[in-house]
Amino acid sequence: MASLGDNFGDLPDAAGHFGRFGGRYVAETLMPVVLEVERAYEEARQDPAFNEEFDQLLRHYVGRPSPLYFAERLTSHLGGAKIYLKRDELNHTGAHKINHAIGQILLARRMGRRRIIAETGAGQHGVATATVAARFGLPCTIFMGQRDIERQAPNVFRMKLLGAEVKAVTSGSQTLKDAMNEALRDWVRNVEDTFYIIGTVAGPHPYPKMVRDFQSVIGRETKAQLHQAEGRRPDSLVACIGGGSNAIGLFAAFLDDQRVEMFAVEAAGKGLDTEQHAASIAAGRPGVLHGNKTYLLQTEDGQIRAAHSISAGLDYPGIGPEHAWLSETGRVKYVSATDQEALEAFQLCSRLEGIIPALEPAHALAYVIKLAPKKPRNHLMVMNLCGRGDKDIFTAAEALGMDI
Amino acid sequence: MSRTDGRIEKRFAALADEDRAGLIAFITAGDPDAATGSDLLAALPAAGVDLIELGMPFSDPMADGPVIQAASLRALKAGMTLKKTLSMVAGFRRQDDTTPVVLMGYFNPILAFGVEAFAKAASTAGVDGLIVVDLPPEEEPELADPARRAGLRLIRLAAPTSLGDRLDCVLDGAEGFLYYISMTGITGDSVPAGANISRAIGDLKEASSLPIAVGFGIKTAADVRALARHADAVVVGSAIVELIAANLDRAGAAKPDLTKKVLDFVRQLAESVRLS
């Protein structure tokens, strides 16, 4: 298996920049610890024992490799590209977030940190973090926006069951961005003993790089599995994008192969022509938030706008800095799907494939539904089915006007 | 303006002549509304404030506690913008040309304004220095070059965590004064028992000839008196802002005696720096 070091190009640079994006925009109080995490990660990724333990946990605890499944009924329904689903929803805890949670807690342990904090939106990253904290016997506090707590009750219960403290964040828009503010504040206060497990490819360097490296197992497996099934590379990859961890996880192994087209699907909420969406690249401008420079939803005066998506996991007004750069270089195409399109895809996948997807990858599927029919039958398309939909049944039922 | 004869340098030189520490008061521009905010700003020097730290409201102030975040949100709700913050300073300068004004905030509104344009406009308005909380020395050049060309001081922050290997990096290029954050915490927190602030200030003074201001967790006249013996200036922020919040009616509007109550408190703090 490839080591964690084998990644696209030489980016980020030593200061964590992807072109003009990325960096370390944090308060001076946090700079020393951010630099310490960077040094520790650079050592760890070169250490065979660290990589070996990570691989073993992914295999025996997470259940990797996740299957690459030929979605035969979806393919025939859409009548174009041959569609494969990368089944990261079958991971332990039901989403891809466990991949980077394991990597980061191994690093926390290596650094001698005794307490874990994390932010969460949909609750998937919170559950993944609470899970690894239980597994490694470390106390854990999860920050979650009050609004998200209300719409993700099952995940809140899971986190508590796993022994985590869930702290409701009532400031600002009470969603993911506010949870991240609060986690950063906690980290400042407890910088000596606490490790912050960030839930996406954002935050100050080295987080965007580190989380990408831990997630890149998705793309490496896909490459090998598709080669076994079809004898060749994919023609296109599709993934949903909030901060962008599952997307970069699928893309990273293919970025150097220009023949592979890539599509990242932002949440268009109630429409890009409204103010209620989470499409940072389509409708945002470069700015600085949460430790990095990237595309952000913001007012003309530089105030951060609240994002909206039916999917709590995509409800973030920014995007990982590597994605900002991949968009600017044109390597990845950034498209979007509305709440309504995602809901339709959510139902279609359930009925045709017997798989209830999370509302996050339902956005990716909504774009597959548009794209696949335009492609020839020998076109190989891989979509990252990065989370399962159990957590979303209440939200979906409400949106569909059904009582449960 | 040369690097030595700005309002900040003159003020610290005058404080040294008087042999006392200065009082730095923080308020958020436009909190709770533009008119009340301007009145407060104008009245601070006469209440005994030596240097004013004026917050540029930001929606997501990740290094601030709930008190200052709430002040930002009140100001934004009342229509405050970065442009209006600069106009407020320009208005202040028409009646006071000696009290230094340092803007404190986050980088994103400055980026949105345009770094070059902001530096020029701030200087023209009469701003003396900038504290940009999420711009550590490593990311500072983007703002530092235009700011220095415009004659603004970029005030460096030092925290307890900066005192070891990192101190050289923090001091290299520092100007105006050093802002020592008394604890690893956010604004509005209390200083933990056992924090050795005087020793940290001593270490900083050994390494730098700049004046040292100390802030975070300083809430009362007694706190001010205790720290004024060690530092060149003492910053009070959340305690003042909390008093603004406590003097709003249910609709969030300023009660008639808000300004008086805030200024009475500020006068107590000002007496403390003069007594110690």
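Worth saying up front: this structure is predicted, and the values here are computed from it rather than measured. (Residues numbered from 1 in each chain as written. Chains lettered and ligands numbered in written order. Predicted model: local features only at pLDDT ≥ 70, side-chain atom pairs only at ≥ 80, totals over all residues. Heavy atoms only, no water.)

Caption draft 1: Structural detail: the pattern of salt bridges. Per the counting criterion, the structure on display carries 48 salt bridges over all chains. Of the charged contacts, one joins R212(A) and D213(A) as a salt bridge, the two residues approaching to 3.1 Å between their closest N and O atoms. A salt bridge links K260(B) to D264(B), with the nearest nitrogen and oxygen atoms 2.8 Å apart. Residue K260(B) and its partner D264(B) are both found in helix 12 (residues 258-275); the two are separated by four residues, about one turn of the helix. Taking the relative accessible area as the measure of exposure, K260(B) reaches 52% and is therefore exposed. Taking the relative accessible area as the measure of exposure, D264(B) reaches 29% and is therefore partly exposed. If you follow the salt bridges from partner to partner, you end up with E42(A), R45(A), K209(A), R212(A), D213(A) and E322(A) in one network. (Salt bridge = Lys/Arg side-chain N within 4 Å of Asp/Glu carboxyl O. Helix = DSSP H or I, 4+ residues; strand = E, 2+ residues; numbered from the N terminus. Buried < 20%, exposed > 50% of the residue type's maximum accessible area, 1.4 Å probe, protein only.)

Caption draft 2: A look at the side chain of D178(A). Relative to the elements of secondary structure, D178(A) occurs in helix 8 (residues 176-189). Here D178(A) falls in the buried class, since its relative accessible area comes to 0%. Within the local environment of D178(A), its side chain forms a polar contact with the side chain of S173(A), the two groups lying 2.6 Å apart. A polar atom in the side chain of D178(A) sits 3.4 Å from the side chain of K177(A). When residues no more than four places from it in sequence are discounted, the contact partners of D178(A) are V169(A), S171(A), G172(A), S173(A) and D60(B). (Polar contact = N/O pair within 3.5 Å; in protein donor to acceptor, adjacent residues only side chain to side chain. Contact = heavy atoms within 4.5 Å.)

Caption draft 3: Geometry of the interface of chain A and chain B. Between chain A and chain B, the contact holds 35 residues from the first and 38 residues from the second. Both sides of the chain A and chain B interface together cover about 2900 Å² of buried area, and 51% of this is carbon and sulfur. Taken together, chain A and chain B are joined by four salt bridges. Across the pair K293(A) and E142(B) runs a salt bridge, and its minimum N-O distance is 2.7 Å. At the junction of chain A and chain B, the tally comes to 21 residue pairs in polar contact (both at pLDDT 80 or more). Contributions of two or more residues to the side of chain A that touches chain B are made by strand 2 (21-25), helix 1 (31-45), helix 8, strand 11 (285-289) and strand 12 (291-296) of chain A. Take the side of chain A that touches chain B: its biggest share by element is seven residues, from helix 8 of chain A. Here the side of chain A that touches chain B is composed, by residue class, of 14 nonpolar, ten polar and eleven charged. (Buried area = accessible area lost by both parts, 1.4 Å probe. Nonpolar A, V, L, I, M, F, W, Y, C, P; charged D, E, K, R; others polar.)

Caption draft 4: Geometry of the sheet that holds strand 9 (residues 236-240) of chain A. Residues and elements named next belong to chain A. Strand order in the open sheet made by the six strands is 3-4-14-9-10-13, with mixed pairing throughout. With partners counted over all chains shown, the strands left at the sheet margins are strand 3 (68-70) and strand 13 (333-338), one partner each. Along the sheet, successive strands turn relative to each other by an average axial angle of 30°, direction set aside. When strand 10 (residues 261-269) meets strand 13, the two strands line up parallel, connected through six bridges. Opposite A264, over in strand 13, you have Y334 as the bridge partner. With respect to the sheet, helix 10 (residues 217-230) is in contact with strand 3, strand 4 (82-86) and strand 14 (380-384), its orientation differing from that of strand 4 by roughly 140°. (Pairing = 2+ DSSP bridges. Axes fitted to C-alpha atoms, helices over the stretch in contact; angles between N-to-C directions.)

Caption draft 5: Just helix 12 of chain B, in detail. Residue and element names in this part refer to chain B. Counted at 1.5 Å a residue, the expected span for helix 12 with its 18 residues is 26 Å, and the 26 Å between its end C-alpha atoms agrees. Among the residues making up helix 12, those that are buried are L258, V262, L263, F265, V266, L269, A270, S272 and V273. With its buried residues spanning 165° around the axis, helix 12 presents them on a single face. Pointing more than 90 degrees away from the buried face of helix 12 are the exposed residues K260, E271 and L275. (Expected span 1.5 Å × (residues − 1). Arc of directions from axis to C-beta.)

Caption draft 6: Region of the structure containing the packing of helix 5 (residues 124-136) of chain A against helix 7 (residues 153-161) of chain A. Residue and element names in this part refer to chain A. Between helix 5 and helix 7, the least distance of the axes is 9 Å, while the angle of their chain directions is 10°. Judged on the interaxial angle alone, helix 7 and helix 5 are roughly parallel. Relative to helix 7, helix 5 is oriented so that their crossing is left-handed. Only N155, R158 and M159 of helix 7 make contact with helix 5, whose side of the interface consists of Q124, G126, V127 and A130. (Parallel < 35°, antiparallel > 145°, perpendicular 65-115°, else oblique. Left-handed = near helix turned anticlockwise from the far one by under 90°.)

Caption draft 7: Representation of a nonpolar patch on the surface within the structure. A contiguous nonpolar surface patch, about 320 Å² in accessible area, is contributed by I393(A), F394(A) and I404(A). Along the chain, I393(A) turns up in helix 16 (residues 393-399). (Patch = residues over 30% accessible without salt bridge, like charges linked within 9 Å, V, L, I, M, F, W, Y side chains within 5 Å. Areas by Shrake-Rupley, 256 points an atom, 1.4 Å probe, with all protein chains shown as cover.)

Caption draft 8: View of empty space enclosed by the protein. A full pass over the atoms with the stated rule returns five cavities of 30 Å³ or more. For the largest cavity, the calculated volume is near 350 Å³. What lines the largest cavity is a set of 31 residues, among which H96(A), K97(A), G199(A), S245(A) and G313(A) lie closest to the centre. Put simply, the parts of the chain that give the lining of the largest cavity at least two residues each are strand 5 (115-120), helix 5, helix 8, helix 11 (245-251) and helix 15 (359-371) of chain A. Its residues assigned to classes, the lining of the largest cavity shows eleven nonpolar, 15 polar and five charged. Lining the second largest cavity are 27 residues, and of these D64(B), I68(B), Y179(B), T187(B) and F216(B) sit closest to its centre. Elements represented by at least two residues in the lining of the second largest cavity include exactly strand 7 (178-181), strand 9 (233-236) and helix 11 (238-246) of chain B. Its residues placed into classes, the lining of the second largest cavity shows 17 nonpolar, seven polar and three charged. (1 Å grid on protein atoms, 1.4 Å probe; cavity = no way out; pocket = protein on both sides within 12 Å on 5 of 7 lines; lining within 4 Å. Points joined across faces, edges and corners; volume = space filled by probe spheres on them.)

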